[in-house]
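# Geometric and topological summary
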Amino acid sequence: MNNKPQNVKGMRDHLPAAMIVRQHIIETMRRVFERYGFEPLQTSIVEHSETLDGKIGDDEKLIYRFETEGGRWLALRYDQTVPLARVVAQYQGQLIFPWRRYAIGPSYRGERPARGRYRELWQADVDIVGSRSPVADAEIIALLTDVLSELGFTGFTTLINHRQIIGGIARVAGLDDASAGGVYRAIDKYDKIGADGVREELLRGGVAAEAAERILALVTLKGPPEAVLGELSERLMGDDRAQAALVNLREIIGSVQAMGVDPARYTIAPQLARGLSYYTGAVFEAVVETPPMGSLLGGGRYDELIGLFAGRSIPTVGLAFGIERLHDIITELGIGPAQRAIADLFMTLFNPDLADASLGLANELRAAGLRVEIALDAREKLAKQFQYADRRAIPFAAVLGPDELEQGYVVLKDLRSGEQQRLPRAALADTVRATLA
RNA sequence: GUGCCUGUAGCUCAAUGGCAGAGCGCCUGACUGUGGCUCAGGAGGUUGUGGGUUCGAAACCCAUCAGGCACCCCA
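Residues numbered from 1 in each chain as written. Chains lettered and ligands numbered in written order. Predicted model: local features only at pLDDT ≥ 70, side-chain atom pairs only at ≥ 80, totals over all residues. Heavy atoms only, no water.

Peptide bonds are, in most cases, trans, and in most cases residues other than glycine have a negative phi. Here F97 and P98 are connected by a cis peptide whose omega angle stands at -5 degrees. Among the structural elements, P98 can be located in the loop between α3 (81-90) and β5 (99-108). We note that A393 has phi near 65 degrees; this positive angle belongs to a residue other than glycine. Within the element layout of this structure, A393 appears in the loop between α14 (382-391) and β14 (396-399). (Helix = DSSP H or I, 4+ residues; strand = E, 2+ residues; numbered from the N terminus.)

Encoded structure:
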């Protein structure tokens, strides 16, 4: 073990410049979540190992598990959906359904780290627990559209599909549910490897040539939701489950439209095949074309998962935003918060004799709601103090010198534009606030 | 979990077996009531870490840690 400090693989440290972006993301989400009436929930990152067993399919090997001194097996949560199911089962009597809850925090996955992919990953989960209504599905879609829009994304698309359409596609190709996994994985790669690539992969997986063509014809459908749903309805004729799924999607889309969601931001995407095994109904995820970093969020309806814990069916729809990817993409696109510093204003100290006057002014400005950082060394040249404030990217600096004190004003300098003005001290806070807004 | 690439100053990179460098950044001054621009000077390195080969290693070999790419899978 060398003595050089180093972070753990796949785990990131976020210095203040990065944290300001992350807090901006989280605050934007909370604002939208609460606007839709969702309530906060926090649970431990540690769960009993068996709580996580058998819920997420093959990825179970990615769960971090450890044994306590007492021989008990615990695990770090892999996502916040299974813990939600546990909470709903455990506190059924205290919850009022339908229950809208959100949870923002870290989960842990023992994956190979890569771009946009980490072992400690923050997610923002939103779920509506205890409703089968397609309005609930629609509300989740409206909410995610608001979040991404308010984060400054303009070129994202939410892909919407349904578990029973995916299943129907496999069934019309003559495959049973058990052997369809490879088909799902193949068609989910459609955007990446194209029609020829999917065909190749299907044939290699033992799908008959004719069946492969039928699958391809279905998953390559594009267009307005009504057109795609109509086309799917014809091609999946005779498959009751798929037809019911199409009715459900029509209802969801109808509500989404009524909620005023921009039609350019979502599409019916038959090729979307989400990996988690617990989805039972609509599934969705949002992607941006640039930079290419997979999906920003994923979700869907899972009507049976909570029942595994609760002993009775509690239908639920929800999604998880991937905060790591959102953070990386927002940084790459430069669409983060405009203000890069926490402080709004830097209070200079003119000289040791006048320092106390500046401390008093700083106190006034803080009381008025400004975030104020003060210089600490009154002997330091004003030039150094300004340079420090500028490098910290603090938007404003204030000077309270002998002239100002004598004549009863304060100099306020906008460090971004270089302009400065003399103001009565009572007007300072409002001027800063008005300029920053 | 598999295969491959990368790691040199705070940052971006150069040096292909022979004295470890540049640009930007940083510090000081020109500038005793004001940052960015300019000029002059200065500091900063056990070349990720550990071992090996060699007269000699940043370079070659092994291991390890971290990052990235393609699979796998997913946020």
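What follows concerns the protein's contact with RNA strand B. Taken together, 46 residues sit near RNA strand B, with R117, R185, S295, D390 and L415 positioned nearest. Per the 4 Å cut-off to the protein, sugar and phosphate atoms form 56% of the nearby atoms of RNA strand B. Here a phosphate oxygen of RNA strand B sits 2.6 Å away from a polar atom, N or O, in the side chain of K189. For the surface near RNA strand B, the secondary structure elements donating two or more residues are β6 (120-129), β10 (295-301), α14, α15 (402-407) and β15 (410-414). No other element matches the seven residues that α14 contributes to the surface near RNA strand B. Residue composition of the surface near RNA strand B, grouped by class: 14 nonpolar, eleven polar and 21 charged. (Near = heavy atom within 4 Å. Polar contact = N/O pair within 3.5 Å; in protein donor to acceptor, adjacent residues only side chain to side chain. Nonpolar A, V, L, I, M, F, W, Y, C, P; charged D, E, K, R; others polar.)

Tracing the backbone through its elements, the reader meets S255 in helix α10 (residues 240-258). Owing to a relative accessible area of 17%, S255 belongs among the buried residues under this scheme. Setting aside residues no more than four positions away along its own chain, S255 makes contact with V135 and A138. (Buried < 20%, exposed > 50% of the residue type's maximum accessible area, 1.4 Å probe, protein only. Contact = heavy atoms within 4.5 Å.)

Helix length check: helix α4 (residues 134-150), at 17 residues, gives a terminal C-alpha distance of 24 Å against a target of 24 Å (1.5 Å per residue), a fit within 8%. In terms of residue burial, α4 counts as a mostly covered element, since 13 of its 17 residues are buried. Sitting at the head of α4, S133 places a side-chain oxygen 2.9 Å from the backbone nitrogen of V135. Downstream of α4 by one or two residues, G152 has phi in the positive range, about 100 degrees. (Expected span 1.5 Å × (residues − 1).)

Residues lying three or four places apart along an α-helix face the same way, a consequence of the helix completing one turn every 3.6 residues. Those residues of α14 lying buried are Q385, F386 and A389. Buried residues of α14, viewed axially, fall in a sector of 95 degrees; they line one side. For α14, the exposed residues lying more than 90 degrees away from the buried face are A383 and R391. Contact partners of the buried residues in α14: β12 (345-347), β14 and β15. A393 sits one or two positions beyond α14 and adopts a positive phi of about 65 degrees. (Arc of directions from axis to C-beta.)

Further remarks concern the sheet that holds β14. Taking strand neighbours across the sheet as the criterion, the five strands line up as β13-β12-β14-β15-β16 in an open arrangement whose pairing is mixed. Two strands close off the open sheet at either side, each with one partner strand: β13 (372-374) and β16 (420-423). Recorded for the sheet is a direction-independent mean angle of 25 degrees between the axes of neighbouring strands. Of the strand pairs in this sheet, β12 and β13 are connected by three bridges, and their pairing is parallel. Within the sheet, the bridge partner assigned to L345 lies in β13 and is V372. Across the face of the sheet, helix α13 (residues 355-367) comes into contact with β12, β13 and β15 while running at roughly 165 degrees to β13. (Pairing = 2+ DSSP bridges. Axes fitted to C-alpha atoms, helices over the stretch in contact; angles between N-to-C directions.)

None of this, on its own, says anything about what the molecule does.
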